[in-house]
Amino acid sequence: MQRLNKEDNKWMLFDPAYTLVAQAELESKRGDFIAVLRPEGGKDKIKEAMKMRIVFFSWTEDPDVIYRGEVTSRRGGRLYLENVTRMAPDTGHHLRVRMDFHSKLLCVRDGKMFRSPIVSFDLSAGGIAFFSPVELEIGEECEVVIPVTTEMLVVKMKILRSEIAGTRRWKYAARFSDLSNEEETMIRQAIFSEQWRRGKCRLLSGTYEGR
């Protein structure tokens, strides 16, 4: 069995419904077929983790690194997995979290730029859902400020869906576009940190469609 460096063995443990169950230490791994996980995070979380049959586990340093494995035995507070396979990064799995924050969007109309305040209520590496007092068109492209990353980002987005949410208030779902690898990683890490802080999260598949 291959022993991993200490900094490489911190993982998040998900059940088949993509709900975060516990943190785990990846004690050993042999190729892409066998792995040993030791669940952590308190008695209740460990107990729940030890009941799992199918496990998804994601590296805390990079949420794009996600594996799936089948539990073949449980002993000594450890899960022994076989048929461990890494999920391809293009399968469309996006960590997403309800994250309320105030920000602003920037749009250009008739050659003039305007700014509008927004309130985000949902964020993923694929896009954002938010409220705004400005009426936007489906397909309209704007930029949005993301203030919850380690460094504030300004990223492009395209409006996918809208609905009236009150007097002079609209609810939107938008998809990010032209994200650099660094920007996407920063957003994923911000989401992952927030999800673990709350003690629960969802790993959602498919393209971002908002809520």
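Shown above is the structure to which this text applies.
Everything numeric in this text was worked out from a predicted model, so none of it was measured.

## Details of the packing of aromatic side chains
- Scanning the entire structure with this criterion turns up 5 aromatic pairs.
- Between Phe 57 and Tyr 67, the ring centres sit 5.5 Å apart and the planes meet at 15 degrees, which makes this aromatic pair stacked. Within this pair, whereas Phe 57 is found in strand β5 (residues 54-59), its partner Tyr 67 is found in strand β6 (residues 66-75), the two being separated by 10 residues in sequence. Each member of the pair, Phe 57 as well as Tyr 67, carries the same accessibility label: buried.
- Feature note: the residues Trp 11, Phe 57 and Tyr 67 constitute an aromatic cluster, connected by ring pairs.
- Over the ring of Tyr 80 we find Arg 75; its NZ or CZ atom is 3.9 Å from the centre of that ring.
- Geometry around Phe 131 places Arg 169 over its ring, the cationic atom sitting 4.0 Å from the centre.

## Considering the nonpolar core
- Formed by 24 residues in total, the largest nonpolar core has its most connected members in Leu 123, Ile 128, Phe 130, Leu 136, Met 157 and Phe 176.
- Elements that contribute at least two residues to this core include exactly β9 (101-109), β10 (112-124), β11 (127-132), β12 (141-146), β13 (153-166), β14 (169-177) and α2 (181-198).
- Those residues within four positions of Phe 176 in sequence are excluded, and the remaining contacts are Leu 123, Ser 124, Ala 125, Gly 126, Gly 127, Ile 128, Val 144, Ile 146, Val 155, Lys 156, Met 157 and Ile 187.
- Formed by 19 residues, the second largest nonpolar core is a distinct cluster that contains Leu 26, Ala 35, Val 55 and Phe 57.

## Side note on the pattern of salt bridges
- All told, the structure shown has 6 salt bridges when counted by the stated rule.
- Residue Arg 78 pairs with Glu 27 through a salt bridge whose shortest N-O separation is 2.5 Å. Here Arg 78, found in strand β7 (residues 78-86), pairs with Glu 27, found in strand β3 (residues 20-30); they are 51 residues apart in sequence, far enough to count as distant.
- Looking at Arg 78, the relative accessible area reads 25%, which means it is partly exposed.
- Accessibility expressed as a relative area gives 13% for Glu 27, which makes it buried.
- One salt bridge in this structure joins Arg 109 and Glu 140, with 2.9 Å as the shortest N-O distance. With Arg 109 in strand β9 and Glu 140 in the loop between β11 and β12, the pair connects residues that are 31 residues apart, well separated along the chain.
- Arg 109 sits in the partly exposed class, given a relative accessible area of 33%.
- The exposure class assigned to Glu 140 is buried, which follows from its relative accessible area of 12%.
- When salt bridges with common partners are traced through the structure, they connect Glu 25, Glu 27, Arg 38, Glu 40 and Arg 78 into a single cluster.

Parameters and conventions
- Residues numbered from 1 in each chain as written.
- Predicted model: local features only at pLDDT ≥ 70, side-chain atom pairs only at ≥ 80, totals over all residues.
- Heavy atoms only, no water.
- Phe/Tyr/Trp six-rings, centres within 6.5 Å; stacked < 30°, edge-to-face > 60°.
- Helix = DSSP H or I, 4+ residues; strand = E, 2+ residues; numbered from the N terminus.
- Buried < 20%, exposed > 50% of the residue type's maximum accessible area, 1.4 Å probe, protein only.
- Lys NZ or Arg CZ within 6 Å of the ring centre and 35° of its normal.
- Core = buried A, V, L, I, M, F, W, Y, C linked by side-chain atoms within 4.5 Å.
- Contact = heavy atoms within 4.5 Å.
- Salt bridge = Lys/Arg side-chain N within 4 Å of Asp/Glu carboxyl O.

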